[in-house]
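# A look at the structure
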Protein chains: 2
Amino acid sequence: MFYRINMADLSVKEEAGDQYQGLGGRALSSRIVAAEVDPTAHPLGAKNKLVFVTSLLSGTGAPNGGRMSLGAKSPLTEGIKESNVGGAMGMKLGRLGIRGIIVENLPAKDGSYVIQVSTSGVKLVNMPELKGLNIYDTVAKLQAAFGEKVAIGCIGTAGENRMAAACVGFTDMEGVPTRQAGRGGLGAVMGSKGIKAIVADDKGVMNITCVDVEAYRAGAKKLANALLAHPVTSQALPAYGTNVLVNILSEAGGIPTRNFTEGRFEGANDIGGETMAATIKERGGKVGHGCSPGCLIRCSQIYKDKKGEVLTGGFEYESVWSMGANIGVNNLDDIALMNRLCDDYGLDTIDVGVALGVLMDAGLFKAGDSKAAISLIEEIGKVSPLGRIIGAGAAVAGKVFGMRRVAVVKGQALPAYDPRAVKGQGVTYATTPMGADHTAGYAVATNILNVGGKLDPLSAEGQVALSRNLQIATAFIDSTGLCLFVAFAILDIAEGMEGIVEMCNARYGWNKSVDDYLEMGKQVLRDERQFNKMAGIAEGSDDLPDFFRSEKLPPHDVVFDIGKEELNKVFDF
Amino acid sequence: MFYRINMADLSVKEEAGDQYQGLGGRALSSRIVAAEVDPTAHPLGAKNKLVFVTSLLSGTGAPNGGRMSLGAKSPLTEGIKESNVGGAMGMKLGRLGIRGIIVENLPAKDGSYVIQVSTSGVKLVNMPELKGLNIYDTVAKLQAAFGEKVAIGCIGTAGENRMAAACVGFTDMEGVPTRQAGRGGLGAVMGSKGIKAIVADDKGVMNITCVDVEAYRAGAKKLANALLAHPVTSQALPAYGTNVLVNILSEAGGIPTRNFTEGRFEGANDIGGETMAATIKERGGKVGHGCSPGCLIRCSQIYKDKKGEVLTGGFEYESVWSMGANIGVNNLDDIALMNRLCDDYGLDTIDVGVALGVLMDAGLFKAGDSKAAISLIEEIGKVSPLGRIIGAGAAVAGKVFGMRRVAVVKGQALPAYDPRAVKGQGVTYATTPMGADHTAGYAVATNILNVGGKLDPLSAEGQVALSRNLQIATAFIDSTGLCLFVAFAILDIAEGMEGIVEMCNARYGWNKSVDDYLEMGKQVLRDERQFNKMAGIAEGSDDLPDFFRSEKLPPHDVVFDIGKEELNKVFDF
């Protein structure tokens, strides 16, 4: 079932959504935005829409199948945006039979509205007492009002103040808001529409529809077997989280250090996954924590401070990098505090961290001065002009400070893999319709981890084809609700992909082939690119900032050398 | 002769520039940028180039023929930019035989370089003592060093700090920096290259080449006759300056008031040209002041404060509007002070004023509070974070404050004619490759002033064709070095255009027709659009912000109703 919320008259209407049959997750979110949003609409205006959608497998409890998608025209990139998120919400919405909630228009009066989803359907409740609260406090108030077991997605200061790097924070299975629909500023779109939170309670749901339960179970088993067999998903990620990558990338010379001036960080070991895991264990936190129902990988964790108080969780490699190596900081506790502040204000840690790197170069603080970096993040919470600059993301920070070394594509900051030393990743950054996004085609797998084959990360050879294939497959995976990390397993173990196909087919009574599903992925990319083109974002923007082509990255002294014409071939399919 | 300055090694080389034969002004500047600058280059990086070029008639003393062009990839729009300027420089460079000065690369060391042009050629001089000075002080020091009679173009705080709305200030015939190459942030490009100023001394130049002096003189006479006969150029502009438009546009319901919420300003008469002229006369200033050699229109002025001290000059309608009606201010002295501050720091008054309107809506000050607005402009001089936001222009200010009513196209602020009430102007804003720019196709002439015919400003009918014709003709006029205001005369008096054609032909020994020159105009637009496309700016960006299509403008309660497909037809030629 679809629900359409019109903020102008605060009405909620049910719809069958026949035009969106057969779609889920990113395929659904991007189709709705492409079909219903005027590409030239202001991202914060009445004509933009914010969509919350479930995925093809949502609600089934499929292995690592708990993710859902948010979509809108992005205030950060000014293009189409899909941002997917783990945590408890996707499962609950799926069990409640929700396929999509489409939020339209702007409220006539200021308010702090909560979308309440339950077996009674979807309601809009104004809770002015939530206004001005950050995410942890908002979650506490909502749990007090609606019970401990609800799933919550909400915005903090950043989203309320329509900052372009604002995220939407979601609760995990313990009700702690450690998961984020992080990228592209969808929290600002939510804030512009006066929506403070979405709350889902699946109490009373007995079971969900599945056309062929036995076939579904057989498929699920195949995927589970693959996940439990592959060393990345069964060993590295559970033991050290995504932060296992700090030492690996530093060793490979591909961790962008001090605003993309070096590829190896001398403090890598101080902030890497091994140190993090040891610190967590010593302080009684938790590693191997699953963020969403059905998770078999369990790469999340609960990180406590020196006094044993919970400080943060879902403490990812990207965040440790952006507020660590990227600004020369090797103090894990200070990075954890920055992560907590970003999660609480409701900010994308990647864009904030890259913005900090730009301000460091502008002379606002010295590399390694984590206390100064913390103070700058606190400016965001104060909503000061300087805080607003950082909260608007790296591209705007670069423009305001007149800086030329600003690692962004289509207005979105580059994540934690230097495109000169991990070239397949560079192709993805340059070309994905999302703006620089590692998850859109995670070439690190094959470039660095030797998953899905082996391809020299320093060579231009083969990277366009690699990124193309990954972007297509990812657009499909992001439509299923499966965590992208299943890709590690399915790239190496054929049974895994079979299981995914079987689960999707069994749930809906389809008879689709792998090629059919990949065609879904291709169509997602076509929808997204067409939207961007009509929004005024031309092919010429499919490129990296020019300094990646002219400045050599130590230690390998490499530049990004894949030509623009080559990049344009990514979408030859 | 062309000169190529390489800031990386501080070398200056002469070139014949055969590939640029037959071009001048905007045609030359845009061709150089399109041919030599990588469209994906960072505007503040080594790969951008800053060009200073003379125009087809520069140095001849043609009636109102004193303008020259600056060009680069714009840090404001991220597209191609040509910004032309009056004052004394164009004439002197023309007399010195300069066709273009192309500044490349970035300096290895911090410096404050002056491009010194004389009969000895072009030299680069480092004058660190100029660092940190604003424009009036810079001009004083340069006059002390090089003499009172030199022409000067320089940047202030804004350009040195690479603010995206930074202009380049130029001296008028009295050596006062009242003229600006205002739009598109070329002052920031100059600052990024370490260039503080350009100084030209034409001492020792006897005369310049002209193939057929008699024919040239006959053509000049025809244009002069037209200028002296037309009521706009011979009466309205000399008496009241461009500011004559405040009352006219307010009467027409087309002066954007309080950030484009109304089209009529109750304080119009307090700040309009009639009041300004009376105030100037009362205080012993000057109206009917010519900004550049050969000017027959003389729309500039010298504005004194209450004590009789010179406060500002070149006090244009656009500036009076942006820091007046646009923020509800009706105090002319306060607007004059804001104009002086912008001229001194080196800022485009349009983008700064529109940014102020956005901050007013964001709650930073109340409409009409001119003291608060002055304080905000002073923040730019202090280079504070808030000042940097304003100095980055309206689009960035809107993004940083999360505002949705932001009147910009392609990142550049809309000038002083509401596109809903002057629809031909709206077509020009939406489609010119420059970003919102009234001068690129000044439909006000025909929509409001009934020059070149009559076309109802409130009707969509015929506006696309009007804007198309004006954009083509303007691209040619901007290539001649003629002030755009000659258009008023030549649109109504055929002899005027004949005179222009005859002057250009006579100077170079050409035998070109009007159509040949209009083809030059078309080619300019093709060059510029191709650059933008390769820079990632697609056709979809040829539109107005969506609020102009949804919010009715009082008093006529009109919206902008020219469809996107219609807008795309502007370039069908």
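Residues numbered from 1 in each chain as written. Chains lettered and ligands numbered in written order. Predicted model: local features only at pLDDT ≥ 70, side-chain atom pairs only at ≥ 80, totals over all residues. Heavy atoms only, no water.

## Observations regarding the overall build of chain A
Summing up its helical and strand segments, chain A has 24 helices and 17 strands in all. By its C-alpha atoms, chain A is 60 × 50 × 50 Å across when sized along the principal axes. Per-residue burial for chain A yields a buried fraction of 67% across its 573 residues. Pairs at least 24 apart in sequence give 69% of the contacts found in chain A among residues at least 6 apart. Of the roughly 17,800 Å² of accessible surface on chain A, a fraction of 50% belongs to carbon and sulfur atoms. (Helix = DSSP H or I, 4+ residues; strand = E, 2+ residues; numbered from the N terminus. Buried < 20%, exposed > 50% of the residue type's maximum accessible area, 1.4 Å probe, protein only. Contact = heavy atoms within 4.5 Å. Areas by Shrake-Rupley, 256 points an atom, 1.4 Å probe, with all protein chains shown as cover.)

## A word on the sheet that holds strand 12 (residues 195–200) of chain B
Residues and elements named next belong to chain B. The strand order across the open sheet built from 6 strands is 8-7-12-9-10-11, with neighbouring strands paired in mixed fashion. The open sheet has two edge strands with one neighbour each: strand 8 (121–126) and strand 11 (179–181). Averaged over neighbouring strand pairs, the angle between their axes works out to 20° when direction is ignored. (Pairing = 2+ DSSP bridges. Axes fitted to C-alpha atoms, helices over the stretch in contact; angles between N-to-C directions.)

## Details of the nonpolar core
I377, Y417 and I500 of chain A together with I377, Y417 and I500 of chain B are the most contacted members of the largest nonpolar core, which has 272 residues in total. By size, the runner-up hydrophobic cluster in this structure holds 33 residues, among which are V103, Y113, V122 and V168 of chain A. (Core = buried A, V, L, I, M, F, W, Y, C linked by side-chain atoms within 4.5 Å.)

## What about the relation of the copies chain A and chain B?
You can overlay chain A on chain B at an RMSD of 0.0 Å; the transform is a turn of 180° with a shift of 0.0 Å along its axis. The operation mapping one copy onto its partner corresponds to a two-fold rotation axis. By C-alpha distance to the rotation axis, the residue of chain A lying nearest is A538 of chain A, at 2.3 Å. A high fraction, 100%, of the interface residues of chain A reappear at the interface in chain B, so the copies pair face to face through one surface. (Least-squares fit on C-alpha atoms with pLDDT ≥ 70 in both.)

## Notes on the packing of aromatic side chains
Residues and elements named next belong to chain A. Applying the stated rule across the entire model yields 26 aromatic pairs over all chains. A centroid spacing of 5.8 Å and a plane angle of 80° characterise the contact between F260 and W321, whose relative ring orientation is edge-to-face. Of the two residues, F260 is situated in the loop between helix 8 (245–251) and helix 9 (268–271) and W321 in helix 11 (residues 317–322); the sequence distance between them amounts to 61 residues. We note that F260, like W321, is buried. Look at Y508 and W510: their rings are 4.5 Å apart centre to centre, the planes differ by 20°, and that puts the pair in the stacked class. Overall, the relative accessible area of 30% leaves Y508 in the partly exposed class. (Phe/Tyr/Trp six-rings, centres within 6.5 Å; stacked < 30°, edge-to-face > 60°.)

## Concerning the side chain of H230 of chain B
Residues and elements named next belong to chain B. Topologically, H230 is positioned in the loop between helix 6 (213–229) and helix 7 (231–240). Since its relative accessible area comes to 5%, H230 is described here as buried. At 3.3 Å, the side chain of H230 and the backbone oxygen of F488 are in polar contact. The residues touching H230, leaving out its near neighbours within four places in the chain, are Q235, V451, F488, A489, D492 and I493. (Polar contact = N/O pair within 3.5 Å; in protein donor to acceptor, adjacent residues only side chain to side chain.)

## Let's talk about the pattern of salt bridges
What the rule picks out here adds up to 74 salt bridges over all chains. The closest approach of N and O atoms between R549 of chain B and D543 of chain B, which form a salt bridge, is 2.9 Å. By relative accessible area, D543 of chain B is classed as buried at 7%. Salt bridges sharing common partners tie together R4, E15, E36, K49 and E104 of chain A. (Salt bridge = Lys/Arg side-chain N within 4 Å of Asp/Glu carboxyl O.)

## Structural notes on the sheet that holds strand 5 (residues 80–85) of chain A
Strand pairs in the sheet, formed through backbone hydrogen bonds, run parallel or antiparallel to each other. Residue and element names in this part refer to chain A. Ordered by their spatial adjacency, 6 strands build an open sheet running 2-1-6-3-4-5, and the pairing between neighbours is mixed. The sheet is open, and its two edges are formed by strand 2 (11–15) and strand 5, each paired on a single side. Mean inter-strand twist for the sheet, computed between neighbouring axes without regard to direction, equals 15°. The sheet contact formed by strand 3 (residues 50–53) and strand 6 (residues 100–104) spans 4 bridges and is antiparallel. For V53, the partnering residue across the bridge sits in strand 6 and is G100.

## So, unusual backbone geometry
All names here are of chain A. A cis amide bond links P554 to the next residue, P555, at an omega of 0°. Examined against the element boundaries, P555 turns out to sit in the loop between helix 23 (547–550) and helix 24 (564–568). The phi dihedral of N259 is positive, around 50°, even though this residue is not glycine. Relative to the elements of secondary structure, N259 occurs in the loop between helix 8 and helix 9.

## A word on the interface of chain A and chain B
On the side of chain B, 38 residues touch chain A, which itself brings 38 residues to the contact. Summing the contributions of chain A and of chain B, the shared interface buries around 3,100 Å²; its carbon and sulfur component is 55%. Interface area lost by chain A to chain B is led by K399, R404 and D546 of chain A, which between them contribute 23%. Viewed at the interface, chain B and chain A are joined by 4 salt bridges. D38 of chain B is paired through a salt bridge with K564 of chain A; the nearest N and O atoms lie 3.1 Å apart. Viewed at the interface, chain B and chain A are joined by 26 residue pairs in polar contact (both at pLDDT 80 or more). (Buried area = accessible area lost by both parts, 1.4 Å probe.)

## Structural notes on helix 3 (residues 135–146) of chain A
All names here are of chain A. Taking 1.5 Å per residue as the helical rise, helix 3 with its 12 residues ought to reach 16 Å, and the 16 Å between its terminal C-alpha atoms agrees with that figure. Burial in helix 3 covers these residues: I135, Y136, T138, V139, L142 and Q143. Projected onto a plane normal to the axis of helix 3, the buried residues spread over an arc of 160° and lie on a single side. Buried residues in helix 3 make contact with strand 7 (113–118), strand 9 (151–154), strand 10 (168–170), strand 12 (195–200) and helix 12 (332–345). (Expected span 1.5 Å × (residues − 1). Arc of directions from axis to C-beta.)

## A short note on the environment of D343 of chain B
Residues and elements named next belong to chain B. Tracing the backbone shows D343 in helix 12 (residues 332–345). A residue is classified by how much of its surface remains accessible, and D343, at 2% relative accessible area, is buried. Look past the residues within four positions of D343 in its chain and what remains in contact with it is I135, Y136, P177, Q180, T312 and G313.

## A look at the packing of helix 1 (residues 25–36) of chain B against helix 19 (residues 463–480) of chain B
Residues and elements named next belong to chain B. In contact at an axis separation of 4 Å, helix 1 and helix 19 are set at 95° when each is read in the N-to-C sense. With respect to helix 19, the axis of helix 1 lies roughly perpendicular. Facing helix 1, whose interface residues are G25, R26 and A27, helix 19 presents T474, A475, D478 and S479. For the contact of helix 1 with helix 19, the residue count by class is 2 nonpolar, 3 polar and 2 charged. (Parallel < 35°, antiparallel > 145°, perpendicular 65-115°, else oblique. Nonpolar A, V, L, I, M, F, W, Y, C, P; charged D, E, K, R; others polar.)

## Remarks on the confidence of the model for chain A
Keep in mind that low pLDDT regions are not for reading the predicted coordinates in detail. Predicted confidence across chain A gives a mean pLDDT of 97, with 100% of residues reaching 70 or more. Here the prediction assigns the complex a pTM of 0.97, and the interface score ipTM is 0.95. (pLDDT = per-residue confidence, 0-100.)

## A word on the side chain of N532 of chain A
All names here are of chain A. Tracing the backbone shows N532 in helix 22 (residues 514–534). Relative accessible area serves as the criterion here: at 4%, N532 is assigned to the buried category. Here P433 takes part through its backbone oxygen, which lies 3.0 Å from a polar atom of the side chain of N532. Not counting chain neighbours up to four residues away, the residues in contact with N532 comprise G79, I80, P433 and I537.

## Brief notes about the environment of R4 of chain A
Turning to its location among the elements, R4 of chain A is positioned in strand 1 (residues 2–6). Filtering out sequence-adjacent residues up to four positions away, R4 of chain A remains in contact with S11, V12, K13, E15, E36, K49, I102 and E104 of chain A.

## Things to note about the environment of N568 of chain B
Within the fold, N568 of chain B resides in helix 24 (residues 564–568). Counting along the chain gives 310 residues from N568 of chain B to R258 of chain B, while the straight-line C-alpha distance between them is 30 Å.

## What to know about helix 21 (residues 494–508) of chain A
All names here are of chain A. Helix length check: helix 21, at 15 residues, gives a terminal C-alpha distance of 22 Å against a target of 21 Å (1.5 Å per residue), a fit within 8%. Listed in full, the buried residues belonging to helix 21 are G496, M497, G499, I500, V501, M503, C504, N505, A506 and R507. In this structure, the buried side of helix 21 is in contact with helix 6 (213–229), helix 19 (463–480), helix 20 (486–492) and helix 22.

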